[in-house]
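# Breakdown of the fold
This is what each chain is made of:
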Amino acid sequence: MNGSSDTSQTDSTDVKGGLPGSGNSDSPQSPFSPASASSVSSSPVSASDDITLVANSAGKKVPKVIHYQPQRGTFDETTAVNGDSGSSTFRGVSSLASAATTASSSAAAAAQARVSQLQYNHNRVALDRSINTAAEFVHELRQENKTQPIHYPMTEDPDLDARLNSRDSRIAIMRQKSYSDSPEPTSTSEDSPFQILKIFFRFDPASGDVVGNLDKGALASLIDDKLSQVLRHLSSLKDRIDDTSSKVLVTGDLNSGKSAFCNALLRREVLPEDQEPCTSVFCEIIDALENDGVEEVHAVPIGSKYDIDDHRTFCKFQVSDLGELVYEAKTYSLLVIYVKDSRPPEQSLLRNGVIDIKLIDAPGLNLDSYHTTQLYSRQEEIDLVVFVVNAENHFTLSGREFISSAANDKNLIFVVVNKFDQIKNKDRCRGMIMQQLQPLSPETFKNADEFVHFVSAQNAIKPDGDPKGDPDEPDNNGDGRPDFDRLEASLRNFILEKRSLSKLLPAKTYLCKLYDDIARLAEINEKLYKDSRSAIKAQFDEVSPQYKDNVQNSVKVNEAIMKLIEDSSEKAYDYSRAHIREVIDGVGQAPLGVAFKGYSDISRFAISTQEGVINRILESVAESEDFARNNTSCAIDDIRRIGRQYLDEGSMPATKFVPEAMYSRKRDLFQRRIDTTFSFTDFVDPSLESFCKVCGVKLPSRTISAVIWAAFSKLWKTGLSGLVVMYGPHMFSTMTGIQSMSSLLPQAVTKKVLPWTVMGICIGLPIYYFYKDAPRAYQRKVVKKIKKELENEDYLSVNSLRISKEVRKVLNYPANDVSIGLNALIETSNSKRAKLIREMKKGESCTEFYGELIGRVKQQRNIVESYDLIGVD
Ligand SMILES: Nc1nc2c(ncn2[C@@H]2O[C@H](COP(=O)(O)OP(=O)(O)OP(=O)(O)O)[C@@H](O)[C@H]2O)c(=O)[nH]1
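Numbering of residues starts from 1 in every chain and runs along the sequence as written. Side-chain atom pairs in this predicted model are given and counted only at pLDDT of 80 or more, local residue features only at pLDDT of at least 70, and totals for whole chains, interfaces and linings cover all residues. Side-chain measures were taken over the full set of non-hydrogen atoms in the model, leaving aside hydrogen atoms and water.

Per an unreviewed UniProt entry, the protein goes by Dynamin-type G domain-containing protein and derives from Eeniella nana. Checking UniProt for the protein, the heading Subcellular location (unreviewed entry) contains the comment "Mitochondrion outer membrane". UniProt positions are given in the numbering used here, feature names are shortened, and annotations may be inferred rather than shown by experiment.

Given below as structure tokens:
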């Protein structure tokens with residue numbers, strides 16, 4: 001029987017009244033990859049075939065539908081059963097013997113068997129669903145781990161030093177230790193709170209720290225690896241329970257007699273046995289009925305995937321070629337051996353008429369690490385492990401490692417202590433083996449009667465061995481057939497009758513352990529987030545006011561500094577305006593100190609005078625700039641002092657103040673704009689004041705002289721002066737009676753002295769005046785001219801503004817420094833605050849996620865726990 005369409009009928013049961021929602025049709029979408037999902041769906045549910053066990057079409061030589069009656073130990077063609085009365089203990093060989101005496105109750109047994117079959121299918125479908133649910137949980141954990149790395153508790157056992165996370169490395173290390181005869185390895189099972197989600201960490205003795213520098217990301221990736229490993233395992237579990245055949249893996253140390261054991265089961269020497277290590281290729285032994293009854297070997301080349309219907313995937317050989325083929329590990333990865341078993345179904349394990357059995361003979365554990373790794377991975381897809389141990393050697397290190405790993409998954413494994421015929425002190429050997437087994441597989445130890453057998457495989461096949469093999473015969477210490485028959489009966493019982501145990505129990509056990517682990521991991525994480533919540537809240541309460549204070553301080557400081565800048569700038573403006581105005585106003589009033597060396601030197605005098613005036617004004621501008629510099633320097637100190645109230649020196653980027661740099665770029669170039677040309681009229685600037693000064697006459701007062709001068713100027717300008725010249729003498733004589741001035745003087749004076757005197761005064765005095773007043777007149781005129789130009793271009797305001805602007809500009813640098821420092825403080829406290837808010841939110845959502853997950857996982861755990869597998873059979 002294989003997994004073809006006929007086989008699907010075997011387990012394809014429409015579960016009526018089974019577990020709520022069970023059955024593939026309404027199962028949630030499979031969380032596995034499409035490939036594995038499709039492999040599962042290849043067993044469609046059929047309501048009509050719920051309890052019929054069907055041999056495949058190749059089984060023409062046996063009844064098409066045969067039914068095993070375990071209590072009678074017989075088969076008939078009308079009753080479809082697979083189970084017994086539901087006893088929870090293993091019947092062993094005695095049950096077969098007693099079955100003969102209960103033939104009359106066959107109808108009742110058949111009915112019971114139907115119920116058993118129905119329950120088996122219920123459990124299988126329910127487990128199938130539970131595997132899907134478990135895979136969903138694992139997917140959720142993986143997703144969570146991506147967004148927020150899962151916290152994983154680490155063990156602190158220094159003995160874990162050399163343990164690595166990969167199975168290969170672990171095995172390699174174990175093997176290395178085994179070769180070096182090192183003491184028993186330290187198991188991490190006690191150190192880790194997990195059974196399935198156990199991660200091996202490397203202990204760093206130098207740092208005294210587990211896994212040394214393992215950061216969150218690396219840990220997350222380790223957890224992700226582990227979770228994807230679990231997903232793969234769940235997928236193979238699913239395949240395993242959906243697979244109608246049973247795979248029995250025969251493994252053990254090199255030369256322990258695995259091949260001899262397989263041969264003994266087949267009652268013929270199919271596999272080669274040798275003193276030297278020989279089996280280096282996996283051998284799958286299948287009933288020849290699966291190959292149209294033809295005995296042959298299909299050797300699958302490395303890299304090829306075996307398909308019996310595709311001849312390109314294997315090479316055909318005779319069974320007799322196996323002697324050479326088992327050494328061809330470099331060419332073949334698998335030898336599929338089809339053998340006939342002519343014994344009746346109630347005796348043959350392979351051709352039992354109930355289910356397909358594949359017997360897998362594996363290379364010895366200590367052959368090499370590659371084969372050991374292969375063995376570990378094959379172990380995951382098989383239903384039953386038969387571990388063959390050499391009674392002479394007991395359990396080796398690699399054997400112990402393998403058994404604890406397999407027992408973790410399977411709960412129950414068969415231990416065949418072979419070559420028992422070679423042992424003299426059998427009781428001592430038995431005691432020691434049992435002692436070694438107890439910690440490795442407690443369940444197997446508990447059920448040792450059924451699962452631990454001391455035999456001699458070689459003797460079992462000998463022609464002089466008891467051919468009938470009565471399993472009820474007392475133990476004869478492995479010297480002959482009875483011990484082996486007893487073993488075989490237990491094996492048959494477990495595989496065929498206790499199918500729930502052999503097929504479904506591993507899945508149930510694994511799921512329970514996985515649910516426990518997920519719940520434990522979720523509890524640890526939930527607790528962590530709950531615990532860290534109050535710590536984060538306390539931090540937030542501390543940081544939050546800091547942030548507010550920083551914002552307020554920043555506003556306050558910025559306002560103070562802005563005011564300081566405004567004040568300094570205004571002060572510079574006011575001072576500059578007042579000072580330059582004062583200088584411009586007074587520039588012409590004091591002598592400029594430019595010597596007038598006569599008219600021959602008039603050009604130099606003119607230029608020097610102009611320069612003198614301009615320089616005086618420029619000096620006043622420079623003085624204002626100096627004032628502004630000092631003022632700025634003080635203001636900078638003030639700004640830094642304000643900043644330091646809130647910032648430490650280091651957090652304030654100090655821009656260096658260079659006073660000379662101020663006003664170095666925008667110099668006042670006013671002198672270039674002044675018209676430096678001059679003319680004769682620039683030296684004439686008559687005024688009463690200057691006239692009096694030149695004549696050495698002191699004016700009565702400034703007011704009187706100003707009035708006189710004003711009147712004179714008016715007269716002169718309005719033309720009254722002409723009237724005075726024309727009619728003045730006439731009016732004078734009319735009013736005084738003096739005809740002419742000359743009549744008052746002697747004739748000689750009138751005629752000779754007076755004209756010359758008058759002429760001298762009228763011509764000489766002005767000439768003298770203008771000559772003498774020319775330098776001062778020029779100065780006055782130049783001052784007037786420059787002042788006018790300054791006024792035209794609003795020189796005063798422009799320069800005051802320029803000076804104050806520069807003050808503002810320079811002060812903005814330290815102000816900016818303080819502002820940057822304060823902003824950094826705000827930014828730091830704000831980002832701390834934001835981070836804490838994020839952490840709080842994340843913590844809340846994580847707490848919620850794990851809390852909810854724990855509830856769902858525990859609920860599922862209880863459901864799986866409630867599946868009664870033992871009671872079924
Ligand atoms: N005395 C004795 N020798 C046995 C028994 N079973 C096997 N042998 C011998 O042990 C040797 C190894 O047996 P195999 O069956 O080849 O062992 P194996 O475990 O398959 O060997 P590998 O596949 O190479 O690891 C052979 O010489 C067998 O004849 C037994 O029960 N008693």
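Past the structure itself, the notes keep going.
### Considerations on the overall build of the protein
Helix and strand assignments come from DSSP, with helices taken as H or I runs of at least 4 residues and strands as E runs of at least 2, each series counted from the N terminus. Helices and strands together make up the secondary structure of the protein, namely 23 helices and 13 strands. The buried share among the 873 residues of the protein stands at 48%. In what follows, residue pairs with any heavy atoms lying within 4.5 Å of each other are defined as contacts. Sequence separation of 24 or more characterises 81% of the internal contacts of the protein that already satisfy a separation of 6 or more. We get accessible surface area from the Shrake-Rupley algorithm with a probe of 1.4 Å; when it comes to residues, only the shown protein chains can shield them. A total of about 42600 Å² of accessible surface is found on the protein, and carbon and sulfur atoms cover 54% of it. Relative accessibility thresholds used throughout: buried, under 20% of the residue-type maximum; exposed, over 50%; partly exposed, between the two (1.4 Å probe, protein chains only).

### Here we look at the sheet that holds strand β13 (residues 452-454)
An order of β8-β7-β9-β6-β10-β5-β11-β12-β13 is seen for the 9 strands of this open sheet, with the pairing classed as mixed. Bordering the open sheet on either side are β8 (315-317) and β13, each of which pairs with just one other strand. Across the sheet, the axes of successive neighbouring strands diverge by a mean angle of 20 degrees, strand direction being ignored. Relative to strand β11 (residues 384-390), strand β5 (residues 246-252) is paired through 5 bridges, and the arrangement is parallel. Across the sheet, V248 pairs through a bridge with L384, a residue of β11. Against the sheet, helix α11 (residues 426-440) engages β12 (414-418) and β13, with an angle of about 155 degrees to β13. For two strands to be treated as a pair, DSSP must find at least two bridges joining them. Axis definition: a line fitted to C-alpha atoms, limited for helices to the stretch in contact. Angles are taken between N-to-C directions and run from 0 to 180 degrees.

### Description of the pairing of strand β10 (residues 357-361)
In terms of burial, β10 is a largely internal element, 4 of the 5 residues being buried. Both β5 and β10 contribute to a ladder of 5 bridges, which runs parallel. Within β10, the residue paired with V250 across the bridge is D361.

### Notes on the UniProt feature "transmembrane region" (unreviewed entry) in the protein
The residues that UniProt annotates with the feature "transmembrane region" (unreviewed entry) are residues 753-771. Along residues 753-771 the backbone is 100% helical and 0% strand, and the end-to-end C-alpha distance reaches 26 Å.

### Quick word on the nonpolar core
The criterion is simple. A nonpolar core is a set of buried Ala, Val, Leu, Ile, Met, Phe, Trp, Tyr and Cys residues joined through side-chain atoms within 4.5 Å. Membership of the largest hydrophobic core comes to 93 residues, with the highest contact counts inside it found for L234, F261, L335, I337, V386 and L514. Among the elements that line this core, the one with the most residues is helix α16 (residues 499-586), at 15 residues. Excluding residues that lie within four positions of it along the chain, L335 makes contacts with V281, F282, C283, E284, V297, H298, A299, L322, L325 and V326. Listed in part, the 41 residues of the second largest apolar core include I614, V782, V807 and L811.

### Some thoughts on unusual backbone geometry
The backbone of N255 shows a phi angle near 65 degrees, a positive value even though the residue is not glycine. For N255, the location among the structural elements is in the loop between β5 and α7 (258-266). Given the relative accessible area of 27%, N255 is considered partly exposed. Although it is not a glycine, D794 adopts a positive phi angle of roughly 50 degrees. Structurally, the position occupied by D794 is in the loop between α22 (747-792) and α23 (795-865). According to the relative accessible area criterion, D794 is partly exposed, its value standing at 41%.

### A look at the packing of aromatic side chains
A pair of aromatic rings is counted whenever rings of Phe, Tyr or Trp (Trp by its six-membered ring) have centres within 6.5 Å, and the orientation is called stacked for planes under 30 degrees apart, edge-to-face for over 60 and tilted otherwise. Tallied over the entire structure, the rule returns 15 aromatic pairs. Seen in terms of ring centroids, Y306 and F314 are 5.4 Å apart; in terms of plane orientation they differ by 65 degrees. Their pairing is edge-to-face. Given a relative accessible area of 6%, F314 falls into the buried group. Through successive ring pairs, a cluster of aromatic residues spans F387, F395 and F402. By definition, being over a ring means that NZ of Lys or CZ of Arg is both within 6 Å of the ring centre and within 35 degrees of the ring normal. Its guanidinium or amino end placed over the ring of F420, K426 lies 5.4 Å from that ring's centre, counting from NZ or CZ. Sitting over the face of the ring of F454, R430 holds its NZ or CZ atom 5.0 Å from the ring centroid.

### Overview of the packing of helix α6 (residues 216-242) against α16
Interaxial distance between α6 and α16 falls to 9 Å at its minimum, and their mutual angle equals 155 degrees. The orientation of α6 relative to α16 falls into the category roughly antiparallel. The two elements α6 and α16 meet at a crossing, and its hand is left-handed. Mapping the contact onto sequence places V230, H233, L234, L237, R240 and I241 in α6 and K503, L504, P506, A507, Y510, L511 and L514 in α16. When residues are grouped by polarity, Ala, Val, Leu, Ile, Met, Phe, Trp, Tyr, Cys and Pro land in nonpolar, Asp, Glu, Lys and Arg in charged, and all others, Gly among them, in polar. Among the residues making up the contact of α6 with α16, the classes are represented as 10 nonpolar, 1 polar and 2 charged. Our angle categories are set so that under 35 degrees counts as roughly parallel, over 145 as roughly antiparallel, 65 to 115 as roughly perpendicular, and the remainder as oblique. For any helix crossing, the convention is left-handed if the near helix is rotated counterclockwise from the far helix by under a right angle, and right-handed if that rotation is clockwise.

### Side note on the packing of α16 against helix α17 (residues 602-644)
Packing of α16 against α17 leaves a shortest axis separation of 9 Å and a crossing angle of 165 degrees. As judged from the angle between their axes, α16 and α17 are roughly antiparallel. Crossing of α16 over α17 shows right-handed handedness. By residue class, the composition of the contact of α16 with α17 is 17 nonpolar, 6 polar and 4 charged.

### A word on the pairing of β5
Judged by how many residues are buried, β5 sits mostly within the fold: 7 of 7 residues are covered. Where burial is concerned, the two faces of β5 agree: the one with S246, V248, V250 and G252 and the one with K247, L249 and T251 are both buried.

### Observations concerning the pattern of salt bridges
Whenever Lys or Arg places a side-chain nitrogen within 4 Å of a carboxyl oxygen from Asp or Glu, that contact is recorded as a salt bridge. Enumeration over the complete set of coordinates arrives at 27 salt bridges. Residue E523 pairs with K858 through a salt bridge whose shortest N-O separation is 2.7 Å. On the criterion of sequence distance, the pair formed by E523 in helix α16 and K858 in helix α23 is long-range, its members being 335 residues apart. When its relative accessible area of 27% is taken as the criterion, E523 is described as partly exposed. Taking the relative accessible area as the measure of exposure, K858 reaches 39% and is therefore partly exposed.

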